[in-house]
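# Observations on the model geometry
Residue-level listing of the chains:
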Amino acid sequence: MNHSTVATLYVVGNINVDLIMSTLSDWPQRGTEVMLQHSELRPGGSAGNCALALEAMQVPHRAIANQGNDGLSHWLASHFPHSAKQWPRYACETSLTVGVTHPDNERSFLSNYGHITLLTVDDVLAQLPPQAIPGDIVLLCGTFLCLELYAHYPALLATLQQRGFCVAVDTGWPPAGWSDALRLQIAAWLADCDWLLLNEVEALGLAGAELLEQSGKQLSARLSGRGGCVIKCGAEGARLWSAASVQFAAAQPVTVVDTIGAGDSFNAGFLTALLYQHSSHTALRWGIDVASQAISSSPRRYPSWQQLQLSNEVR
């Protein structure tokens, strides 16, 4: 097994500002105000969370995004110093999400539109090499939030395949919910997608099915055949459906501190294992390990890829 790599993981999509507020038991009545005990301003978005995890894990990566031009733009870009110099600037406000956490660890999100909606196919392709080297991976995040990019997803995915990238997609949840029309749109480009990384409700919604097993099998059959459909099941672990097998990896119990970005942290661990040429089952374990450490720490911590490799050799 070759444990070294010169390949790169490119994370594309919604890098925005998160304002996390906690803990809210009940929504206040209109015209009133409540005080919460904790707040944190931090980089976020699915792509942002994954890129931050990769930086902490010391994994070769690039964050592919754009930026606005208000008071938050420079602050956000400063957290991605190896990537942000290539981000095109748009004359608009920075995309911002307010995340409110509740006593049961569930969350509610309020987001504006901002710069992420203006990210284009040309913006993305200009920040990627014209030809992938063996092992290069592109992860597309925030599918339904990057409105301009989503309108051209079929062409983008086809181009990424032509350039030789392994392509993974984490769609997230569509703000307007799932519909038959939306499923048909996605069906047009799934064959150019190698890996689909979803949580349980996203998988059920995209497949239009009632059972996870049915969803995983259906979605995997629509992909390129070079990867598979991963369904992240929170505290239960993660499952993977591919042309070759159905796999499951369990999660160990942890004390949850902050679940925001858990799925994005899983993506970082899972794709890092693939980048270092490990099996898909090892990738499931790495995804769970990274997500578990992230949600159980404050300030947030991540294992390095070397630590993950060592734990893999011990198992």
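Residues numbered from 1 in each chain as written. Predicted model: local features only at pLDDT ≥ 70, side-chain atom pairs only at ≥ 80, totals over all residues. Heavy atoms only, no water.

## Section: the sheet that holds strand β8 (residues 166–170)
Spatially, eight strands are ordered β4-β1-β7-β8-β9-β10-β11-β12 in an open sheet, and the strand pairing comes out mixed. Among the strands making up the open sheet, the edge pair consists of β4 (61–64) and β12 (246–249). If you compare each strand with its neighbour and ignore which way they point, the axes differ by 15° on average. Sheet topology places strand β11 (residues 238–242) next to β12; four bridges connect them, and they run antiparallel. Of the residues in β12, the one forming a bridge with Arg239 is Phe248. Along the sheet face, helix α7 (residues 200–207) touches β8, β9 (195–199) and β10 (228–232) and points at about 115° away from the line of β9. (Pairing = 2+ DSSP bridges. Helix = DSSP H or I, 4+ residues; strand = E, 2+ residues; numbered from the N terminus. Axes fitted to C-alpha atoms, helices over the stretch in contact; angles between N-to-C directions. Contact = heavy atoms within 4.5 Å.)

## Here's the deal with the state of the cysteines
One way to say it: the disulfide is the covalent bond shared by the sulfur atoms of two cysteines. Taken as a whole and assessed by the stated rule, the structure comprises zero disulfides. Between Cys50, a cysteine without a disulfide, and Cys141, which holds the nearest cysteine sulfur, the sulfur-to-sulfur distance is 5.6 Å. By relative accessible area, which is 0% here, Cys50 ends up buried. Of the cysteine sulfurs around Cys233, a residue in no disulfide, the closest is that of Cys229, at 10 Å. On the accessibility criterion, Cys233 (5% relative accessible area) is buried. (Disulfide = S-S within 2.5 Å. Buried < 20%, exposed > 50% of the residue type's maximum accessible area, 1.4 Å probe, protein only.)

## Looking at the packing of α7 against helix α8 (residues 212–222)
Contact geometry for α7 and α8: axes closest at 9 Å, N-to-C directions at 65°. As for the relative orientation of α7 and α8, their crossing is left-handed in sense. Contact residues: Glu200, Ala203, Leu204, Leu206 and Ala207 in α7; Leu212, Ser215, Gln218, Leu219 and Arg222 in α8. In terms of residue class, the contact of α7 with α8 is made up of six nonpolar, two polar and two charged. (Left-handed = near helix turned anticlockwise from the far one by under 90°. Nonpolar A, V, L, I, M, F, W, Y, C, P; charged D, E, K, R; others polar.)

## Structural notes on the packing of helix α1 (residues 46–57) against helix α9 (residues 262–275)
Packing of α1 against α9 brings their axes to within 8 Å, and their N-to-C directions diverge by 50°. Accordingly, the angle class assigned to the pair α1 and α9 is oblique. Considering the relative orientation of α1 and α9, their crossing is right-handed. Residues Ser46, Asn49, Cys50, Ala53, Leu54 and Met57 of α1 lie in contact with α9, whose contacting residues are Asp264, Asn267, Ala268, Gly269 and Thr272. The residue makeup of the contact of α1 with α9, split by class, is five nonpolar, five polar and one charged. (Parallel < 35°, antiparallel > 145°, perpendicular 65-115°, else oblique.)

## Some words on the pairing of strand β5 (residues 96–101)
One ladder, built from five bridges, connects strand β2 (residues 16–22) with β5; its direction is parallel. Bridge assignment links Ile20 to a residue of β5, and that residue is Gly99. Strand direction decides the pairing type here: β5 and strand β6 (residues 107–111), joined by five bridges, are antiparallel. For Thr97, the partnering residue across the bridge sits in β6 and is Ser111.

These results come straight from atomic positions and should not be treated as a statement about function.
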